[in-house]
Structure formats: C-alpha cells, structure tokens
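The chain contents come next:
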Amino acid sequence: MMKERLKKIMENASAQINETDSLEKLNEIKVALLGKKGELTEVLKGMKDVAPEERPQVGQIVNETRQAIEAMLENARTELSKKKRELQMKAEVIDVTLPAKKNNVGHRHPNTIALEEVERIFVGMGYEVVEGPEVEYDYYNFEALNIPANHPAKDEQDTFYINDKILLRTQTSPVQVRQMEKGHLPIRMIAPGRVFRADEVDATHSPSFHQIEGMVIDKNITFADLKGTLQEFAKQLFGEDTKVKFRPHHFPFTEPSAEMDVTCFKCGGKGCRFCKGEGWIEILGCGMVHPKVLRMSGIDPEEYSGFAFGVGLERIALLKYEIDDMRLLYENDVRFLKQF
Amino acid sequence: MNTSLNWIKAYVPGLECTDQEYMDAMTLSGTKVEGYEKLDADLDKIVVGQIMSVERHPDADKLVICQVNVGTETIQIVTGAPNVVEGMKVPVVLDGGRVAGGHDGSKTEGGIKIKKGKLRGVESCGMMCSIEELGSSKDFYPDAPENGLYVMPEYAVVGSDAVEALGLRDTVFEYEVTNNRVDCFSILGIAREAAATFRKDFVPPVIKKSGNSDDVNNYVTVDVQAADLCPRYTARLVKNIKIAPSPEWMQRRLAASGIRPINNIVDITNYVMEEYGQPMHAYDFDTIAGSKIIVRRAGEGEEFVTLDGQTRKLDPSVLMICDAEKSIGIAGIMGGENSKITDDVKTMLFEAACFDGTNIRLSAKKIGMRTEASGKFEKGLDPNLAAEAIDRACQLIEELGAGEVVGGIVDVYPQKKAEKRIKFEPDKINKLLGINISAEEMLGYLEKIELVYDKASNELVIPSFRQDLECGADIAEEVARFYGYDNIPTSLPTGEATTGKLSFKLRVEAVARDIAEFCGFSQGMTYSFESPKVFDKLLIPQDSPLRNTIVISNPLGEDFSIMRTTPLNGMLTSLATNYNRRNKDVKLYELGNIYIPKALPLTELPDERMQFTLGFYGDGDFFSMKGVVEEFLEKVGMNNKPEYDPKAGKPYLHPGRQANIIYDGEVIGYLGEVHPDVLDNYSIGDKAYIAVIDMPHIVEKASFDRKYEEIAKFPAVTRDISMVMEKSVLVGTIEDIIEKRGGKLVESYKLFDIYEGAQIQSGYKSVAYSISFRAKDRTLEDKDINPIMEKILKDLNNLGIELRS
C-alpha cells in the first residue's frame, strides 16, 4: 500500500520534473513534493499507521524516494539554470564592431620620442643625461670650444646675442665644457637641449631647434672608440643592418673631426629619392676632443683623451618619421601630433 | 667651389679614375665632393664637320641644304641657321646622336636624340649645332654668334670629336671645403689633395722668372701705413698691354669653374685666383697719381665709387688702396672706377697682397658687398702666396703675349711668417686613433702633403699654406685621413664603469609628460622668443614684472625679439592655430623654459624656469584641469592636499575662475579659465582653460620614495552631512574643518552633492559631504565618532553653515 503510494509519487514527480521548463515551476514542484505540506511529507506523517515491524523498511523506502526526488530536482535545476544563462547570453549579443570607448590618451611630440630613443641607447651604455643653460655665456658657447673672437662661426648672422658676453647658445657643446669644469672624471654624458640660430623659418630651417651633445672623457679613449660607439648608436636607432661611414670634417673643438653618414634606411644604401640617390644620409658631426678644449677646461690632454659628437634632434625626427616640413614641429596641430 | 677635373689632372698627370671613384675617394680623404656634372653626359656622336656647299631649299625660304663633310663621308643636312657659309667648320651631330638641349638654351634631361628625317621634303641626315644645343652658352664661349651655329676654329680636324675639341670632355666637381682649409680653395690645393689621395705625383706649374731688365721699383713705390691689416703687399708692372681674347684652354678652364672669359688680362687674373687661391687686382697705371701706392684706412665718412659704378660709404675700419692723391680701391673687396682697366689701357699695375681676413670679412659685411676676392681673403690667406701668384700671372702675361712685363717686384713684407714645426710623435698618434702603424707609413702620408720630416729634431716642418696645422692632434688627423677613416677599427671605450642615468629633474619631467598624455593632452613645442606685443594681448599691466624681459640684440624681427617670461602666448597661439583649423576638443601641453632676468641689463645668466603648461578648449572645465594637476602632484609623490587660492590676480584669466595652486604654503602654479578678452585677442571662439606649473618647485618637493601602508582590516564608518550656506563660502573651508577637526580617524571625505535652486533660499547653496572614519586597530563605534562630528559641526556652525534636516 505504502510502497505503491511511494512508487506513484515517484513516477508522478519524475513526470512533473521532466516537463518543467522554468526554475520557478521547479520550485513549486519541490514545495509540492517535499514542502511542509508536500506529498512525501504527508506520507511520512502516515508512518504512524504502518505496522511497527514494517516501519524500518518503509522508512528506508521513503528516504530513498526522497533522495531520488531531490537528485532529480537538483539535476533539473542545473539543467534549467544552464538553459536560462544560455538564453540570457543569447539576448545579450552585442555588435562588436560598434566604436570603441577610448580614453583619448594624448600624444608625445616626435622630437621627444626621438630624444627618448637616443637617451635610452646612451643611458644603456652608461651615459648620464645632463643639461645646461639655453641663455649662455659667449665663453662657454665659443671661446672655451676653441672658437676665438672674430671666428666666422661667431658672426652675428648665425648667433642671437643678448649683449657681447651673453647669447642664446648656438649648440649644446657648451654643456661639454660645463661638465668638464666640474672635474669629475671619467665623463660619459649626453646633453640634449634647445639651441638657437638666426635662420629664417622654412621647410628645413628653424631659428630654434634641438641638439643632443655627447661626450666621453677618460684615459685611453681613441678614435676607434668613437667609431664603435657611434656605430652601435646608429644600429640601435636605425636598425641592426645600418652601416656607418665616417668622413673627415672640421670642427674647431675636435681634432681629428668627422661627419658620420648612415646607410639610407629606406633603400638600405642602394640609392633612392629619399637619400637623393646617394644611399647615405648625413647624420652627425663628431671628433676627438681638441687638446686645447681639454686644457681650457682644466683637463690634462697628456693624461686624458675623449670624443664628442653632436646630433640634430629634428634631423633624426624628420628622417625617422619622414616628415617633410620642419614647420610642422612647431605648429602643434593635433592632427599632426596624433600621428605619433 | 667648382672645378674642372681636367684642370686638376693637369697637375696630377697620373690620375686615372671614374668620376664616381674620384668623388668617393676625395670625400673620404677630407675634400668633400658635393656632386659633379659631366659636361658631355648628353652629347653623343658629335664630330667636326665642314660645310662643302650651301643650296636654297626649294620649298622653304628660311631653310638651306648643306653638304657637310664629316670625315668618313659627306652628308646632307638641312638647316635654318642664319650663319651658314661654305667652308665653315661646325659641330655636327650624326644620325642617332644626342645633343643637350634646344638652341634657345633650354636643356632636356637625358638629351635630345637626333635622327635622319625629312625637312619640308628634303632629307636631312644630322644636325649642325649651336653652342646652346651643346649645353653651354655664349657666356662661356664668347666667340659664339648671338644666334646660329657655333663656328669651330680653322685648325679643327674634320671628322674628329667635336666635344673634345670644344673642351667639353670634362667633368665639373663641386666641393664643400671647410673654412680651416684655406689652401683648398684653389685648384692647386685640391690637386695636391688628389695626388695624395690617389698616391700619384703632384706636378704644380713651374714658375719661371719673368720680366725685362728694367725694375718696377723705378716706377712705383708702395707705402703700407696700416701694416696690421696688410701683412704683405706685392706689385708688378706690365707695359704695352695688348688686350685680346685669352687662349681657348684658359677660357675652357675658367668656364668650367663658372667664370666668364672676358679678355687676356682679366682672364689671367681670374685664372691665377682659381689656380692659387690668391685674388689679384689690376690698376690702370696711368690713372695712379704720384707713382705711389698707399695702403691706409679710409677716412671717416669717406665716399668711394667702386668699379661697378656704386658709391660706397666708408669708415676708418675699412682698408683702402690709394695713390698719392686719392683712393683707388677698397682693399681685398673691389677696385675703384677711377683706376679700372679699360680696353685702351697701356700700362697696368698688378697687385697681389695679403689682407687681414677678419677685417676683410667685417668690411665686406659693413659695406654690404661680398665679392669673389673678399670671399677668399676673409679666410686668411698665406702671405707667402702673394709673390708666387703675381709671378705666375706675369709668366702667363708673357706666355700669352699680353704685354711687356717689367722686371723685379715691389714687395712690402716686413714681418716674415715664421716657419712652423710640430713634434712628430707616432706613438701618440697611434694611441689617439686606436691604430698601430709604423712611423714610416705615417711619414709616407705626411710627405705627400708636403710636411717635411726633420730627423735631427724629430719635427715636422709645416708648409706655410697649411696654417691650420698647429698641434699633434692635427697631425693625427692628417695621418687618419690618408690611412683612411674606414680602416680605423671600431671598439667601445673600456675603463671605469659609469652609471647611465637621468637627472631627478628629467625624471620628474618624464612623469609630467606621462600624466598629461594619460589625461588626453598632446605635447606641443613653441619658440622661446616672442613679440613684446604679447603682454598687451594677455592684458598684462604695464608695470608687471613679466614685462622685464631679456631682449635679443639682433632678432629675426620684432616677433622674435624677447625671451618669454610666461608660457601662455605659446600655448594660446597653438590652441588658436587648432581652433582656426576647426580641430575639436584640443588638449595640449608643453614643457619649456621661461627666462627670468635677475637684473636688467643682463650681467649674469637668467633664471631658466621649466614650466609645465596645460591648455585646452572643448570638452572639459576648470575642474577637469584641476584634476590633471592633482593627478600629476600625486604621481610625483606630493601627497599633501594642495590648496587653491581664488585670489590669484591673473589678468589673463577669468576673474571668477582662477586660482593659485598652493602646496605646503608655496604657490607652485596657477590654473583657470582664459579671460574672454584674451580669447578674443587670440581668436579662440570657445572657452579655454590653462594650468601652469612651475617645475623648479615641483622638483624641490617631488619624491619617488614610496612606503607601503597596511591595508585596513577594520571596517570604515561613514557619516553624511548636508549643509546650507551662503554661496560665497568655499567648500575648501568645509574640507579644512573636516581635516582639522577630524584628526587621524578621518580616512577620507567626499563631496557628493552641491545644489542651488528651488528649495534653497536665494543666495545660498546646499552642500553634502560623506565622511569616512576608520581606525587601524578596531572597529569604530558611535562613541568614537560622535564627539568628532560634534566638533566639526560646531566649527561649521561658527561660520554660519547650517545643517539641513
């Protein structure tokens, strides 16, 4: 009797659970079966009418039935939850091609990007980045660099003067002198900064631009060290395949002096429009620090030697990013800046 | 400097190389070649032809039919040239050949191909050429007709290469000579370098004694009164001048250097100037009063007519050449009209002098006249060159039969240039260059450029034309040049290791860039100099210290004449550029110096203060700018609460929307909305906001040290207060009270509502704060918090701030 009733409950429950299509209904079924007034609970309440000797057996069956129903309910619940989530996700499909919500991060000036590249390379080689004043004494800008009074380079047409002793530096080289005067040897430094020359503004000239000066002073520094260092610099800046060429040149503050060309990074040296068919692009001036310059800065050229170089930052930026008009660098049009 | 390779080869007979090889090798040994032009690049199959007969064209009035002997055959050519004459020799381009351009002087890239064809029905098998079609002009071939075929000389060989006969089988090289190498501003200087580069013999012209048995000193005396400006003055005399064209070889060499042949006398002067680099001047001796040359400074305000007919105003800084009565030339720059050589000249005085280079440069600039001669003198010529050059010129006068050279020379050279010697130290040279070559090898290179080794003293005797060589390092460069920079190995410096690093200032600037960019600002760069008018544009009062600027004495114009004392103009100009170009929502920042003089006029260097300037228009307001400022301060470790004083007093900012930024009691910058009048002045049609942070203050206060603080374990307790107050009360005052009275237990506070309007009395506002309390060691209870709240409320109350129920 009891067994049959239980069996029926079981069959009934199984049918109901299988038919259920929502978690809410499933809950109703659970209450209807297992709740305080549920069918199975009713059966349990009827236990008192069962013969005492049968009670353990019947009790066991009741428990088994309950467990079975609970398991069925649990399975159904898992199944339905899964289905519900799937449905929900189906409804939540988005058009991933809709526009991104950006933070609109700003952009760095191409000069700065080029400068940071150069700084990274030299800091990696143990160079300190130092600075010097932009409004500078004539002495540091010229005289201490072996450019005596009346040298053509000092001509008014090149240099902006404040008065006869103070000027706007025409090069970052005075930082060399200031660094040497501090007297801490050895020196490995680069000095980036703004420089000024009285050039009218056009596509390739600006009265204000930037240079990066570099200098190493130590015992036994050779021209070979200069070549090796700058070759490494060029490879890191323009790519491992870059070749360099050193041509004799003249600067008053270095001897021997050179200009360095690099293989055109567009055509790799074959010659193209970019390098005007030459395959090489002039990139910097350099040389061994002139013994007079060392001596003027209080360093004994018999004991110490060194090399120095100067590179135009805008030149690197223009070349590297293929910018064809220098004026763009100082207009600050965001449509230009956003490209970097 | 442009020169013909043939001219160089005349002094380096063994030189054999392609144009490209020459260019590369010379550049690598230090004589930089900028480029070259092959004169015969577009000339092909052009021979000397002779016109055998001329007939009229049956169908064209302006054309004639010529039978032209071109050596191997006689061909028929139809031409429209006006100057055809039987027997004339002309350049003829054969069928399939090329010419450089049209007879109007226009050049065609790659040349024009000439083919057999018919002209008005008559066959023409080639073309007879004008000088323009050969790529040159009457300027360089003065004997060419105004319009018509170039007539070859009688001695030209029919059938031979006309390009060769015209001297066009040549290449003109353009050099960039550095100004320390005065000697290389001459053919001989470059030839010497070429000989050393290619290891060939250098064979300069041999100067023979010239002149008759008479002595120039019997005719003229020279008195150098300004010896400081004229270390040497030489003069020679030529009688019975016969003006005539100079020979073809001389014309061709001059033409290749870009110099127009004129006549024998002028050409010789120019030829020697090119060859030796020594400018000379010729005076008509009959115009010289008193048979006397005086070299002196010009009188104050002296006026002088130069040979170009211009009147020049002079002063005593300018050196003059004078006779017994008058000035006859501006030394080293240009001769006078009163003494110039004319076609009727009979006797001529040649001058070759050495003038002070700096003085010539400054004079030429002052007078506003830079000539070929002054360009050479200003580099500082070797005084020993003068006599050599004048003798060479006289030799050419004799060789060309241009006149009778009087014997002897007037030579005023009181202070002979001392011989220079430099110690020969091969070990040091090897050490400096990082190579290891023998002393013999070094001497091999050095002797090639005429440095003579004196074994006894172990010194190198420096030739006087190499004024640039002064010390051992100079000698090392000479060795390196000819050993080859390419052959020097590469290495990296050894020795004591050094630490690569950025200065603290540069690190702080890097953070500024990062933060600005994260906040949407792009980096701009503007000039350090600007117009003094910017102060008016920015409404800055007349007595403002910002107007005490450093003034550039020689600016590019008023717009670039003062060093900026504020970064605002640069920023506003950049924003205006963007606004004008219709760019939306523009945010820019700049890191650049302002220049604050310590005293004016400037006696010491100014204070260069790096300014971190932010500016934008479009999306955003005062508080978004304030947010950027605070993000930055936090990132550089300035974690105390900045204060904002609305009484910043910036005339260029909106009076009710500006504030000084105060940190630890010091003003470190300011921010605000740009004053509408200023926006108008810059034509910015939108509200714009600016923040300027003075970086020296930041560098002083910033720190990258960080210490971990334990993350709170106990919960926070929050209390909200809602207040009503007069509109003028700054919420900053409330925050000050919360901080001051709240003490250590206040973890944070946040303004969550601010309201003016309907439910609030007019002139009042409602402000609501949420205050969060927390202790490190326990959960706070009412008894901890209530007394604090009471204190806060009491203080608020004292300020007339009422709690809202």
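Residues numbered from 1 in each chain as written. Chains lettered and ligands numbered in written order. Predicted model: local features only at pLDDT ≥ 70, side-chain atom pairs only at ≥ 80, totals over all residues. Heavy atoms only, no water.

1. Some words on the environment of A:N146
All names here are of chain A. Among the secondary structure elements, N146 is positioned in the loop between α6 (138–141) and β3 (166–168). The exposure class assigned to N146 is buried, which follows from its relative accessible area of 16%. In sequence terms N146 and P56 are 90 residues apart; their C-alpha atoms lie 115 Å from each other. Beyond its immediate sequence surroundings of up to four residues, N146 is in contact with P252, H290, K292, V293 and M296. Of note is the side chain of N146, whose polar atom sits 2.9 Å from the backbone oxygen of P252. (Helix = DSSP H or I, 4+ residues; strand = E, 2+ residues; numbered from the N terminus. Buried < 20%, exposed > 50% of the residue type's maximum accessible area, 1.4 Å probe, protein only. Contact = heavy atoms within 4.5 Å. Polar contact = N/O pair within 3.5 Å; in protein donor to acceptor, adjacent residues only side chain to side chain.)

2. Considerations on the interface of chain B and chain A
Accessible area lost when the parts come together is the quantity often used to give the size of an interface. In this complex, chain B contributes 85 residues to the contact, which on the side of chain A involves 86 residues. Both sides together, the interface formed by chain B and chain A hides about 7,200 Å², and carbon and sulfur atoms give 54% of it. Interface area lost by chain B to chain A is led by B:Y485, B:M525 and B:L556, which between them contribute 10%. Counting the contacts that link chain B with chain A gives 10 salt bridges. With a closest N to O distance of 3.1 Å, A:E116 and B:R513 form a salt bridge. Linking chain B with chain A are 44 residue pairs in polar contact (both at pLDDT 80 or more). It is helix α13 (residues 504–518) of chain B that contributes the most residues to the side of chain B that touches chain A, six residues altogether. Its residues assigned to classes, the side of chain B that touches chain A shows 32 nonpolar, 30 polar and 23 charged. Of the pairings in the sheet, the one linking strand β1 (residues 128–129) of chain A to strand β27 (residues 501–502) of chain B comprises two bridges and is parallel in character. Looking at β27(B), one finds that A:V129 is bridged to B:L502. (Buried area = accessible area lost by both parts, 1.4 Å probe. Salt bridge = Lys/Arg side-chain N within 4 Å of Asp/Glu carboxyl O. Nonpolar A, V, L, I, M, F, W, Y, C, P; charged D, E, K, R; others polar. Pairing = 2+ DSSP bridges.)

3. A closer look at the domain arrangement of chain A
Domains assigned within chain A are domain 1 (2–91) and domain 2 (110–337). The C-alpha-based centres of domain 1 of chain A and domain 2 of chain A are spaced at 87 Å. (Domains from an automatic or database assignment.)

4. Some words on the pattern of salt bridges
All names here are of chain B. Summed over the entire model, instances satisfying the criterion amount to 71 salt bridges over all chains. Here E176 makes a salt bridge to K32, at a shortest N to O gap of 3.6 Å. Residue E176 is found in strand β11 (residues 171–176), and its partner K32 is found in strand β2 (residues 32–38); the two are separated by 144 residues along the sequence. When its relative accessible area of 29% is taken as the criterion, E176 is described as partly exposed. Between R232 and D411 there is a salt bridge, and its shortest N-O distance comes to 2.6 Å. One end of the pair, R232, is in strand β13 (residues 232–239); the other, D411, is in strand β23 (residues 410–412), with 179 residues separating them in the sequence. Its relative accessible area of 7% is what places R232 among the buried residues.

5. Describing the environment of B:E193
As for its placement among the helices and strands, B:E193 is situated in helix α4 (residues 187–198). Separated by 43 residues in the primary sequence, B:E193 and B:Y150 place their C-alpha atoms 37 Å from one another.

6. Describing the packing of helix α5 (residues 110–124) of chain A against helix α10 (residues 313–321) of chain A
All names here are of chain A. Relative orientation of the contacting elements α5 and α10 amounts to 100°, with a least axis distance of 9 Å. For the element pair α5 / α10, the angle class is roughly perpendicular. Across the interface between the two elements, P110, N111, I113, A114, L115, E117 and V118 from α5 touch L313, E314, I316, A317, K320 and Y321 from α10. Residues that form the contact of α5 with α10 fall into these classes: nine nonpolar, one polar and three charged. (Axes fitted to C-alpha atoms, helices over the stretch in contact; angles between N-to-C directions. Parallel < 35°, antiparallel > 145°, perpendicular 65-115°, else oblique.)

7. Some details on the sheet that holds β27(B)
If you trace the eight strands from one edge of the open sheet to the other, you get β6(A)-β7(A)-β8(A)-β9(A)-β5(A)-β4(A)-β1(A)-β27(B), paired in mixed fashion. In the strand order of this sheet, the two ends are held by β6 (244–251) of chain A together with β27 of chain B, each with one partner. Judged from the eight bridges that link them, strand β7 (residues 254–263) of chain A and strand β8 (residues 280–289) of chain A form a sheet pairing that is antiparallel. Paired with A:V262 across the two strands is A:I281, which belongs to β8(A). Its contacts with the sheet put α10(A) on β5 (208–218), β8 and β9 (305–312) of chain A, and the angle it makes with β9(A) is roughly 55°. Set on the sheet, helix α12 (residues 472–483) of chain B makes contact with β6 and β7 of chain A; between it and β7(A) the angle comes to about 35°.

8. Quick notes on unusual backbone geometry
Note on backbone geometry: most residues besides glycine have negative phi, and most peptide bonds are trans. Of the consecutive residues A:L185 and A:P186, the connecting peptide bond is found in the cis state with omega at -5°. In this structure, A:P186 sits in the loop between α7 (174–182) and β4 (187–196). Residue B:L600 is joined to B:P601 through a cis peptide bond whose omega torsion reads -5°. Its place among the elements puts B:P601 in the loop between β31 (587–596) and β32 (607–617). Phi is positive for B:R120, which is not a glycine, with a value near 50°. Here B:R120 lies in the loop between β8 (117–119) and β9 (122–124). Even without being a glycine, B:E450 presents a positive backbone phi close to 70°. Position of B:E450 among the secondary structure elements: in the loop between α11 (439–448) and β25 (452–454).

9. Considering the packing of aromatic side chains
Residue and element names in this part refer to chain B. Scanning the entire structure with this criterion turns up 32 aromatic pairs over all chains. Here Y652 and Y670 contribute two aromatic rings whose centre-to-centre distance is 5.9 Å and whose plane-to-plane angle is 50°, an arrangement assigned as tilted. Taken together, the residues span a long stretch of sequence, with Y652 in the loop between β33 (643–645) and β34 (653–663) and Y670 in strand β35 (residues 666–674) at a distance of 18 residues. (Phe/Tyr/Trp six-rings, centres within 6.5 Å; stacked < 30°, edge-to-face > 60°.)

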